[in-house]
Every structure is written in structure tokens, then in C-alpha cells.
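Secondary and tertiary structure notes
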Amino acid sequence: VVEHQQELDELRTSVRKFLNTRVPESRVRELTKSDDPFDPELWADMGSMLGIHGLAIPERFGGDGFGLLVAAVVFEELGRALTPVPYYSTFVGAQTLLAAGDADACAQYLPGVAAGTVRLSVAAAEKDGSWDAAVIKTRADQQPEGTWQLNGTKFFVPDAAVAEALIVFARTTAGPTLFAVDPAADGVQITPMQVLDATRPLAVVTLDSAPAQLIGRPGAAGSILARSLDFAALALAAEGVGAAQRCLELSVEYATTRQQFGRPVGSFQAVKHLCAEMLAQVELARAATENAVLCADAGSPGSAIATAAAHITTSAAAVFVATETIQVHGGIGFTWEHPAHLYFRRATASQMLVGGPSLSHERLLERMGI
Amino acid sequence: VKREIFDSEHDDFRATARAFYDKECAPHTEEWERNGITDRSVWLKAGETGLLGWEAPEEFGGQGITDFRFNAIMTEEYHASGTAGVGFGLQNDIMASYLVHMTTEEQKKRWLPGFVSGEIITAVAMSEPGAGSDLAGIKTTAVRDGDDYIINGSKTFISSGILADLVVTAVKTDPAAGHKGVSLIAVEADTPGFTKGRKLDKIGQKSADTAELSFVDVRVPATNLIGEENRGFYHLMRNLPAERLGIAIGAVAQARRALDLTTAYAQDRKAFGQAIGTFQVNRHAIADMTVLLNVMQVYVDRCIIAVNAGDLTAEEASGAKLFATEQQWQIMDRCLQLHGGYGYINEYEIARIWRDARVQRLYGGTSEIMRDLIGRKLGF
């Protein structure tokens, strides 16, 4: 870590500066007024000016070949700024393709991802929201001419409306299998969901004899789903650290300036100690996430456990810190004008995104062999 | 919040109980803690004062009163006075149910006078090394032999196990029938083959004699059977609401003792030139605990009225026990924290009652078992 620290710091500084300038809170609010907050120009500039679309794509597929440690910096900053871009969904999609090990599919999609022209989104969960291969009902059937068709309904698909390809987990007679689906194809219907967190649009994707391209082998996607989930969890954890850190800063700033009874409210122990607890939670989340990222980059055997632990820790910390940010701000924290509710929405929605805390805990226990 | 469940007779009883604890028990707490056991003589004095077995009919020395408010008062003043270790709660809250309400005339004659006078200290032996709340899994057996039962097995975690003169023992009289093969048989402590084993070394409640008991070919007359043969499980179940409510009452009372000690400490103890209670976090903590205690008290008082009316259900009692003991633990721990380093020093009462309180979430069924019972009753 230490040897790259300077580069990581520089990356963080430039991403933060870019987002502060290009997508300040006012712009986030403007973009999220509609169902589709996607800003193509912003997305293009994230590639041309920041060069972050290909960070975690291997060089042979046109990327920079950096590890998750670098990607985590970007996620932290995107979380901090609540930037409504399909970076998370595309990242998870790309890593899922890499995990599937299908070189043709990677060559087809990943150079576009690295160039910023292709966005992806993984459609794994169905109505109950869990990422569990055993409960996938969406069926894939091979046609006489060898092509595949999908039938079923996927829920909670992030940024589906702006994806060039949907990476879909479906069921064949061989078991869970991965497919790529063109969202513009006949038989694919994308319906926006009413969501708590408008900075991350979610959609219902209905597949009605939708043409699909097989990724990898039929029946091989059970373990890929677990890996895909790990990438999602890591990205969400890093986002959560950034968002929680920002909430802490907002709270401390307010507590040190807001005067009541002739003194800053932060000088009252009840507020001061709350801020201290928030800091402890943020640091815990940061440590857990950093550990998980390093384990994942090193391919260590405890990686899946570290990731599950980081996801649980960070989700809980982000919800706690966002909730208490509202409390520290008193009445103003409960207003539409204040950003506290945006962070609260993000934290709550992200915690539920890949199945929620109960399933996350089950997953951790399962990975620990309990 | 003013408590509204008591009449003047309860107030008089409370004064009697408090005076007794203050004079006969609290001064001995340290000595009893050191010895790991209390003194039998205090039982006789309690009997003389009318603090034992008032549920027994008058002809056997009792008063024929079944009113759980008296039980509550005994427990409350026990904690308020700083008493430790004496098993009056077991005798009055739990054992009376079996010995007064499930016994034959002949049994009443044999046991109740001593039960009321304090000459017969009683205990109930349910738990075994391999079976706690899972009563159907007990292994101790009683085999009928002519006019006797012959009992074999072992019991553990038995409160008052060392001092007990009479042990109501849960046994299997039909080992194949699960919970439908359980019976309750009273065993006198001097019966050959019955031995009191190790006094268990516990985290807290050091002066309470919790023991292992062993039964090797213990022959007792069939007339020692309490209630009906093979109905023991149901007899035990019948008493569980009162038993669990008793624990909830203790939780509130002991938490109140902790808070009283802590409030006084927070006024006396100075740091950075001011009483520590005047720091905002501490002031808020004491405020929170005071409010919580009021809530607990109102809830538990309501349950006391319900148990008197006979309509406190098992799951309601489980809920009261679960809530009161979990909240109690939060209060105990916070109170100890407010004592700073002194909270960790046994010289301070908070250290002892913090240790003593830990078992509240375990005995009478753990919090997890309570949740399970409630959840199952809700149909899950």
C-alpha cells in the first residue's frame, strides 16, 4: 500500500476535484429529478479527463490493469459525492465477465468499458432481492439453431436503462448459467422501480423470449455469482466509507459552528460523543474495507470472508453515521435542502442492495464454514 | 412514577421485610459472600417473622394468602437492602406452588409446617448436565418398586442445593414417553443414596449455594410423588409464568439498587472540579436509566396484577423476563461504567451486583429460549 500511497492520493485528489466541480450537490439534485439521471457528457469526461473507466480492466482488454485498491479510491469518492453515474453497475458487470473467464465475451465488451463507450449491469436478483443461485427462476432455453432465449423477471437491476449489455444469471437444465442480453432487443422490457435512493436507479427487467448470448459454460455460473457478489459488496463498501466520511465531516463542521446557549453545540458532551462514535464507526468501516480490498487483490484464501465482513461492517456504519448526521444537525438535518437525507437514502438503499443485512450475515457465516 | 398496585397491608409487609433484611441479612452479606453460603439460622428468623410460605393454609402455620405482590415486595426489599445469597425467592415464588398447591393432605402435614417455619429449606431439581430448558431430555429415572420409587441420576445448577432439606426432583417415570413421562418426586436430603455434590463456582451470586446433586438408588416412598405421575412436565409448566415473573421483578429491583448506588456516587465523586453526574453524558445516562426503570416497573407491575388474576400467559411472562433482564443488564453495565475504576473493585457494591446480575439473562430459561417461546407462540 505504502509504495503506491502517493499515486493513490493523487488519484483521490483529482477525482474529488473533478466531482466537486462537475457534479456538486446542486447538480446531483438536478440529475436525480428524473428516472434517468445519466449524463453522457459527464460519463465521457470521466474517461477523457480522469481516465477511470478502465482502471480495473486488464491491459489485454484495453484497460490499465490496476487492482481493486485503485478502484476503491474511485468508489470512495463517488460515494462521498453521491455521483449518479453507472460506475458501480459497470464495474460489477466487467468483473463478472472476467470472473466467468470467457475470453471472447471479455474481448467483446471490456475494451468498450475501458473506453467508456460500453456500460454494463448485472441482473442477478429476482423478486426477493437475494443473490442466491438456488432461487433463480429465470429460465434459459436453447433453440434448435443453437441460440439461447431467456424468460423471467429480474429485479433491482442498477442503471439498466443506460447499459449496453445486461449480464444475466439464468437457469438452464445444467444449472445456473451466465448470459449477456442486449437491452434493446425484442423481448426485453426495462421498467424503472420507485426507489428510495434516486442517485442509483433500479429497474425491473422483464425477459420474454429475449435473445441471449451464452457466457462461459452452461451450469457454471453458481460460483461466478458468488464472485460477482463479492465485487458488488466491495464496491458498495468503498462507496459507504466515502459517504460515511463525508457525513462525519458535515456533522463535525456543523457541531463546531452552530451556537446554542452561547456555545457551539459540539461542546455539549451528548453531541461531541456522538461525533466521536461516528468517527469510530467510519474508521472501523475503512479498516474492514481496506483489509478486504487488500485480501482480494492478493487473492488470499480469506478474501471472501473479509469481503463479507467489510460489507456488513460498512453498511451498518454508513447507516448509523447517516442517521446520526440528521440528529446532529437538529431541525435543519430534517429538511429537503440539507444533503443529510441524500446520504441516508444512499446508505439505507445500499445496505439492502444485494439482499440486506440478514442475508449478508448468513453469507459470512456460510463462508466461515458455520 | 407512583406505583398503584399496593394496599396498606402490602406497605406494612414491606416495612417488616425491609427491617428484617436490614437487621438480619444485609450486615452479613460480606461474610456470606466470603463463605460462599448463607446461614441456616436466618431462615428460622425469617420464619418467625412470617416471611416464608404465607401461601400455606393457616393450620400449617401460613396465612393462606396467594398474592404475588407479597412475593414482589420480598424480592424488592432483598435487593434494596443490599442482601445477597438467601434463597427466600425460590422458597416463596417457586416452591410454594408445588408444596402448597399440588400436595396431598398427608404431604402438607409432613412438609408445610417446616416450610413455613424455615426448618425445611426447599429446592427444585430440574436441570441436568445434558438437559437445561429441554426438560423432555432429562435422564434421571424413578422406577416403581412396591410402595417406593428408586431414583437414579444427577442434577446440576440446583439453587439452594447445599442447604436444601427437601428437593422436588424432576424424574422420568416413563423414559420412552418424552415430556409425557416426567414426574415430580420430593426427596428428603437425608435419604440414603442422595448426595450433595460440588457447590458450583460461579461468576456471581457467590453466597448462593448452587450445587450438583447425585442420586444413586435413592429409595423414597411413593407418597413423595407430587401431583400426578407422568404429569410433572405440566406441573412445572404451570408454575413457569410466576417463576419468570419473579426473575423480572428481581431485574427491576436490582437495577434500581444499582441506579440508586450510582446516582449517589455520581453526586459525591468529583472529577475536573465537578461532580461527575453534572457532565452531560453522565447526566443523560442517569436520566435514560431512570426513564427506562420507570417503564420496566410499570410493565412488571402490570404483569404482577395479571399473575394474581391467573391470566399471565407463559409467553407474556417470558416477554417480561426477556425485556426486564436484558434492560437490567444494560443498566447494570452502565452503572458500573459510571463508577469508573472503582466499579471494578469488589469493595463497591456495584461490582458485586453487576456480577450477580449476569445470570438473570440465563436462568429460568435464557433470553434466546424466551424469544423462541414467544416466536413459536406467534406461529413461527
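Note that the structure is predicted; figures quoted are calculated from it, not measured.

1. Focus on the overall build of chain B
Each helix and strand counted, chain B has 11 helices and 10 strands in total. The C-alpha radius of gyration computed for chain B amounts to 21 Å, which stays within 12% of the reference 21 Å derived for 380 residues, consistent with globular compactness. Counting contacts in chain B only where the partners sit at least 6 residues apart, residues at least 24 apart contribute 74% of the total. Per element, the accessible surface of chain B, about 16700 Å² overall, is 53% carbon and sulfur.

2. Concerning the interface of chain B and chain A
Listed by partner, the interface residues are 5 residues for chain B and 4 residues for chain A. Scanning the region where chain B abuts chain A turns up 0 salt bridges. A per-class count over the side of chain B that touches chain A returns 2 nonpolar, 3 polar and no charged.

3. Points about the packing of aromatic side chains
Each pair of aromatic rings is reported with the distance of its centres and the angle of its planes. Summed over the entire model, instances satisfying the criterion amount to 23 aromatic pairs over all chains. Pairing F155 of chain A with F156 of chain A gives two aromatic rings, centres 6.2 Å apart and planes at 45°, and the pair type is tilted. Using a relative accessible area of 17% as the deciding quantity, one classes F155 of chain A as buried. Through a chain of ring-to-ring contacts, the aromatic side chains of F38, W43, F75, Y87, F91 and F231 of chain A assemble into a single cluster. In this structure, R14 of chain B packs its charged tip against the face of F6 of chain B, placed 5.0 Å from the ring centre. Of note, R144 of chain B hangs over the ring of Y149 of chain B, and the distance from its end group to the ring centre comes to 5.3 Å.

4. As for the packing of helix α9 (residues 314-338) of chain B against helix α11 (residues 367-377) of chain B
All names here are of chain B. The geometry of α9 relative to α11 is characterised by a closest axis approach of 9 Å and an angle of 145° between their N-to-C directions. For the crossing formed where α9 meets α11, the hand is left-handed. For the pair α9 and α11, contact is made by E315, S318, G319, K321, L322, T325 and E326 and by S367, M370, R371, L373, I374 and K377, respectively. Among the residues making up the contact of α9 with α11, the classes are represented as 4 nonpolar, 4 polar and 5 charged.

5. Some details on the packing of helix α4 (residues 68-81) of chain A against helix α5 (residues 87-100) of chain A
Describing two packed helices takes the angle between their axes plus the distance from one axis to the other. Residues and elements named next belong to chain A. Their axes nearest at 11 Å, the elements α4 and α5 cross at an angle of 160°. Viewed along their axes, α4 and α5 adopt a mutual orientation that is roughly antiparallel. Crossing of α4 against α5: the hand is left-handed. On α5, the residues that touch L68, A71, V74, F75 and L78 of α4 are Y87, Y88 and F91. Classifying every residue of the contact of α4 with α5 by side-chain character gives 8 nonpolar, no polar and no charged.

6. Concerning helix α1 (residues 8-25) of chain B
Compared with an ideal rise of 1.5 Å per residue, which puts 18 residues at 26 Å, α1 of chain B spans 25 Å between its outermost C-alpha atoms and is within 8% of the ideal. Contact partners of the buried residues in α1 of chain B: α2 (29-35), α3 (40-49), α4 (68-80) and α5 (88-101) of chain B.

7. Some points on a negative patch on the surface
Together, D128, D132, E362 and E366 of chain A make up a region of like negative charge exposed at the surface. For E362 of chain A, the position within the fold is in helix α11 (residues 357-367).

8. Considerations on the side chain of E76 of chain A
Residue and element names in this part refer to chain A. Looking at where E76 falls in the secondary structure, it is placed in helix α4. Given the relative accessible area of 14%, E76 is considered buried. When near neighbours in sequence (up to four residues on either side) are disregarded, E76 contacts R12, A238, E239, V241, G242 and R286.

9. So, the confidence of the model for chain B
Reading fine detail from the predicted coordinates is not recommended where pLDDT is low. The predicted model of chain B has a mean per-residue pLDDT of 96, with 100% of residues at 70 or higher. This prediction of the complex comes with two scores: 0.85 for pTM and 0.76 for ipTM.

10. Focus: a nonpolar patch on the surface
Among the surface-exposed residues, L365, M368 and I370 of chain A lie close enough to one another that they form a single nonpolar patch of about 300 Å² accessible area. Considering the arrangement of structural elements, one finds M368 of chain A in the segment after α11.

11. With respect to helix α8 (residues 280-308) of chain B
Look at α8 of chain B: 42 Å from first C-alpha to last across 29 residues, which is about the 42 Å you get at 1.5 Å a residue. Phi for G310 of chain B, located one or two positions after α8 of chain B, is positive at around 75°.

12. Some remarks on the pattern of salt bridges
Per the counting criterion, the structure on display carries 42 salt bridges over all chains. E239 of chain A serves as the salt-bridge partner of R346 of chain A, at 3.2 Å between the closest nitrogen and oxygen. Here E239 of chain A lies in helix α7 (residues 221-257) and R346 of chain A lies in helix α10 (residues 340-353), a separation of 107 residues in the sequence. The class for E239 of chain A is buried, based on a relative accessible area of 5%. A salt bridge links R352 of chain B to D356 of chain B; its shortest N-O distance comes to 2.8 Å. Remark: D356 of chain B and R352 of chain B occur in helix α10 (residues 349-357); sequence separation between them is 4 residues, near one turn of the helix. Pair check on accessibility: R352 of chain B and D356 of chain B agree, each one buried.

13. Focus: the pairing of strand β5 (residues 182-188) of chain B
All names here are of chain B. The buried count for β5 comes to 6 of 7 residues, which makes it a mostly enclosed element. In terms of strand pairing, strand β4 (residues 166-172) meets β5 through 7 bridges, oriented antiparallel. Residue pairing for β5: V168 is matched across the bridge by A186. One ladder, built from 2 bridges, connects β5 with strand β8 (residues 225-226); its direction is antiparallel. Residue pairing across strands places I185 opposite L225, the latter belonging to β8.

14. A short note on the pairing of strand β3 (residues 148-158) of chain A
Residues and elements named next belong to chain A. Bridge analysis of strand β2 (residues 139-142) against β3 gives 4 bridges, and the strand direction is antiparallel. What sits directly across from R139, in β3, is N151. Connecting β2 to the next strand, β3, in antiparallel fashion are 5 residues, including G146 with a positive phi near 100°. Taken together, the 9 bridges between β3 and strand β7 (residues 202-215) define a ladder with antiparallel strand orientation. In the strand pairing of β7, L150 is matched with A210.

Reading the values: the criteria
- What you see as residue numbers is a count from 1 along each chain, following the sequence as written.
- Labels are handed out in written order, letters beginning with A for the chains and numbers beginning with 1 for the ligands.
- Residues qualify for local features only when their pLDDT is at least 70, as the model is predicted, and side-chain atom pairs are given and counted only at 80 or more; totals for whole chains, interfaces and linings, by contrast, use all residues.
- Note that the side-chain values use all heavy atoms of the structure and ignore hydrogens as well as water.
- Secondary structure elements are taken from DSSP: a helix is a run of H or I of four residues or more, a strand is a run of E of two residues or more, and numbering for both begins at the N terminus.
- What the globule rule says is 2.2 Å times the number of residues to the power 0.38, and the radius of gyration is computed from C-alpha atoms.
- The contact criterion used is simple: two residues touch if any of their non-hydrogen atoms lie within 4.5 Å.
- Throughout, the Shrake-Rupley method with a 1.4 Å probe supplies accessible areas, and for residues the shown protein chains are the sole cover considered.
- Only one rule defines a salt bridge in this text: a Lys or Arg side-chain nitrogen within 4 Å of an Asp or Glu carboxyl oxygen.
- Three residue categories are used. Nonpolar comprises Ala, Val, Leu, Ile, Met, Phe, Trp, Tyr, Cys and Pro, charged comprises Asp, Glu, Lys and Arg, and polar comprises the others, including Gly.
- What counts as a ring pair is set by centres within 6.5 Å for rings of Phe, Tyr and Trp (its six-membered ring), and what kind of pair is set by the plane angle: stacked under 30 degrees, edge-to-face over 60, tilted for all other angles.
- Here's how the labels work: a residue is buried when its accessible area is under 20% of the maximum for its type, exposed when over 50%, partly exposed in between, all with a 1.4 Å probe on protein chains only.
- We call a charge positioned over a ring when the NZ of a Lys or the CZ of an Arg lies within 6 Å of the ring centre and within 35 degrees of the ring normal.
- To obtain each axis, a line is fitted to C-alpha atoms, and for helices this fit is confined to the stretch in contact; angles are then taken between N-to-C directions over 0 to 180 degrees.
- Each crossing gets its hand from how the near helix is turned against the far one by less than a right angle, where anticlockwise is left-handed and clockwise is right-handed.
- Oblique is the label for every angle not falling under 35 degrees (roughly parallel), over 145 degrees (roughly antiparallel), or within 65 to 115 degrees (roughly perpendicular).
- Working rule for helices: expected span equals 1.5 Å times residues minus one.
- For patch detection, residues must exceed 30% relative accessible area and be free of salt bridges, and they are connected within 9 Å for like charges or within 5 Å for nonpolar side chains (Val, Leu, Ile, Met, Phe, Trp, Tyr).
- When charges are tallied, Lys and Arg are placed among the positive residues and Asp and Glu among the negative ones, while His and the ends of the chain are skipped.
- To locate a charge, take NZ of a lysine, CZ of an arginine, CG of an aspartate or CD of a glutamate.
- In predicted models, pLDDT denotes the confidence assigned by the predictor to each residue on a 0 to 100 scale.
- Pairs of strands are assigned from DSSP output, requiring at least two bridges between the strands.

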